[in-house]
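Architecture at a glance
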Amino acid sequence: MVLSTTPELVAGIDLATQEVRASCADAGGRVVSRGRALLPAPERPRPGWSQTDARAWWPAAVTALREATDALGPAAGAIQAVAVAATSGTVLVADDSGQPLGPALLYDDQRATAQATLAAGAGRERWTALGWQPGSTSGLAKWGWLLTQPDVAERARWALHASDVLVAALTGERPPTDWSHALKSGYDPRRREWALEATAAVGIPDALLSEVRPPGSPVGVVGTDAAAATGLPPGCQVRLGMTDGCAGQVAAGADRPGRFVTVIGTTMVVKGATDDLAHDPSGAVYSHRHPAGWWLPGGASNTGGAAVVAASPGADLADLDRRAAAAGPASCVTYPLLRTGERFPFVAPDAKGIWLGRPTGEADRHRAVLEGVAFVERLAYAQLGDIGAPALGAVRSAGRGGRSRVWARVRASVLGRPVLVIEGADTALGACIVAAAGTLHADLVTAGDAMVAEGEEVFPNYAESEALDESFARFTIALSERGWVGPALAQAAAIRP
């Protein structure tokens, strides 16, 4: 990491599902202050529904930013820019004053199945060329569903992503949106245009769609009211951010061709970079676009850190890690899916969690879940390699779950390659790096070069390879028997890199 001597700073906001986190960093990527605030738990009133009250986002962002800026004291005046990263596919519609017309639909909401079918059909040629198609969790389908609700279409004036809500509050104006958050809402980054044939098919008027610009674009300055509330200096630049997965990718330095990262938070996101657009006929992999021109393929599984927490509620996970490492490979196999449906590395709306065998105790259960998520990760890298987006060298690791050295060793052993743990490579830092592009640094590439930590390499335990390969084979057979994974992917994943 290159340490900076300049006092200039940037701020990054991570609008997550259950909390808002804010970080302030210098030009060398050193985080000098942090803040956080909790959000209400997601509401899941019916199977497949996942929603929240968007009105809670700005007050929570104010709290998180105020904590971070208060910790800086007078140095908060040196903050040059701020950017926002949020969950991909979390959307809402608002009236002419920006007030939400109903709940925001979260990234995993699946209610918009009819709209997804319409959008996929209307833009079929476009989606084929782009290597992606809208599903029920896409922002495009969910905007369409929201506009079918009573009195909403007549009052709707804005179709918004979660990030747009905070950018509007910071600037006091209706903002453009970035092409990272807009990808799953029907924006075509190849042609740099909205897929109007698809938005029209689901009933979204053109007037509701925002102008789209690249991540890092300046869109205004922090207004007087927002500055007073947050502690950000008046006139601080507001720059468009990226989705949480892309921001985490940037923070891990995996936004250059051949580099890939696994971000393990509540879910598991695998992302990397390629020179050319990769096409996945199954629809599991989608590609964002980097402002420098290359592509960022990847996807988000519904497995991840939440499965580890759910398997051992209230437990000391660090202690379980130590016991699981000492115990060695698990005696049983699990696909640790908490709710119905998987989206990556395979698309299976009916997928459910599986246990093959019963754990012998708490440590064995914990180890089985660590391995189960790693098995999904191995399938993910096989899928990416199969469509021409191979990971070269060590897999980078970020997110709260990705920092566990025990889990990193398990994952390296399952993957058959080193795992490079990048400390501090979280979404808020990624948002800081995006904010620094064009302010503290010339562009996003040079900002990443200066602000990303080097990382610690964790190597496989080859003594466990045979046992883990046997468990992985049982895992893929179980998924194949249920029709969730095809034989080609299972065969590709069976081959160690």
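The model shown is predicted, which means the values in this text are computed figures rather than measured ones. (Residues numbered from 1 in each chain as written. Predicted model: local features only at pLDDT ≥ 70, side-chain atom pairs only at ≥ 80, totals over all residues. Heavy atoms only, no water.)

Observations concerning unusual backbone geometry
- In this model, Phe344 is joined to Pro345 through a cis peptide bond whose omega is 10°.
- Following the sequence through the fold, Pro345 ends up in the loop between strand E19 (333-335) and strand E20 (354-356).
- The residue Asp151 is not glycine, and still its phi comes out positive at about 70°.
- Assignment of secondary structure puts Asp151 in the loop between helix H4 (139-146) and helix H5 (152-155). (Helix = DSSP H or I, 4+ residues; strand = E, 2+ residues; numbered from the N terminus.)

Focus on the layout of surface pockets
- There is about 280 Å³ of room inside the second largest pocket.
- Along the walls of the second largest pocket sit 14 residues, with Trp58, Gly98, Gln99, Val165 and Ala169 positioned nearest its centre.
- For the lining of the second largest pocket, the elements supplying multiple residues, two or more each, are helix H1 (57-72), strand E8 (158-161) and helix H6 (162-171).
- With four residues, H6 is the largest single contributor of residues to the lining of the second largest pocket.
- Here the residues of the lining of the second largest pocket are counted per class, giving nine nonpolar, three polar and two charged. (1 Å grid on protein atoms, 1.4 Å probe; cavity = no way out; pocket = protein on both sides within 12 Å on 5 of 7 lines; lining within 4 Å. Points joined across faces, edges and corners; volume = space filled by probe spheres on them. Nonpolar A, V, L, I, M, F, W, Y, C, P; charged D, E, K, R; others polar.)

So, helix H16 (residues 444-451)
- Residues of H16 that are buried include every one of Leu444, Ala447, Gly448, Ala450 and Met451, and no others. Looking straight down H16, one finds its buried side chains confined to an arc of 165°; they lie on one side.
- Capping the start of H16 is the job of one residue whose side-chain oxygen sits 3.2 Å from the backbone nitrogen of Val445: Asp443. (Buried < 20%, exposed > 50% of the residue type's maximum accessible area, 1.4 Å probe, protein only. Arc of directions from axis to C-beta. Polar contact = N/O pair within 3.5 Å; in protein donor to acceptor, adjacent residues only side chain to side chain.)

What about the sheet that holds strand E17 (residues 286-289)?
- Taken together, seven strands build an open sheet; the order of strands is E17-E18-E16-E15-E21-E22-E23 and the sheet is mixed. Each edge of the sheet is formed by a strand with only one pairing partner; in this case those strands are E17 and strand E23 (456-458). Here the strands of the sheet are splayed against their neighbours by 30° on average, with no regard to which way each runs.
- Inspection of the sheet shows strand E21 (residues 395-398) paired to strand E22 (residues 419-421) by three bridges, in the parallel sense. (Pairing = 2+ DSSP bridges. Axes fitted to C-alpha atoms, helices over the stretch in contact; angles between N-to-C directions.)

Details of the confidence of the model for the protein
- Of all residues in the protein, 99% have pLDDT values of 70 or greater, and the mean over the chain is 94.
- Residue range residues 1-6 is modelled with pLDDT below 50. Its contacts to residues more than four positions away, or to other chains, number 14 contacts. (pLDDT = per-residue confidence, 0-100. Contact = heavy atoms within 4.5 Å.)

Digging into the packing of aromatic side chains
- This model, assessed by the stated rule, comprises eleven aromatic pairs.
- When the ring of Trp143 is compared with that of Trp194, the centres are 6.2 Å apart and the planes differ by 50°; the resulting orientation is tilted. Of this pair, Trp143 sits in helix H4 while Trp194 sits in strand E11 (residues 193-194), placing them 51 residues apart in sequence. Accessibility classification places Trp143 together with Trp194 in one group, the buried group.
- With a centroid separation of 5.9 Å and 80° between ring planes, the pair formed by Tyr335 and Phe475 is classed as edge-to-face. Taken together, the residues span a long stretch of sequence, with Tyr335 in strand E19 and Phe475 in helix H17 (residues 465-481) at a distance of 140 residues. (Phe/Tyr/Trp six-rings, centres within 6.5 Å; stacked < 30°, edge-to-face > 60°.)

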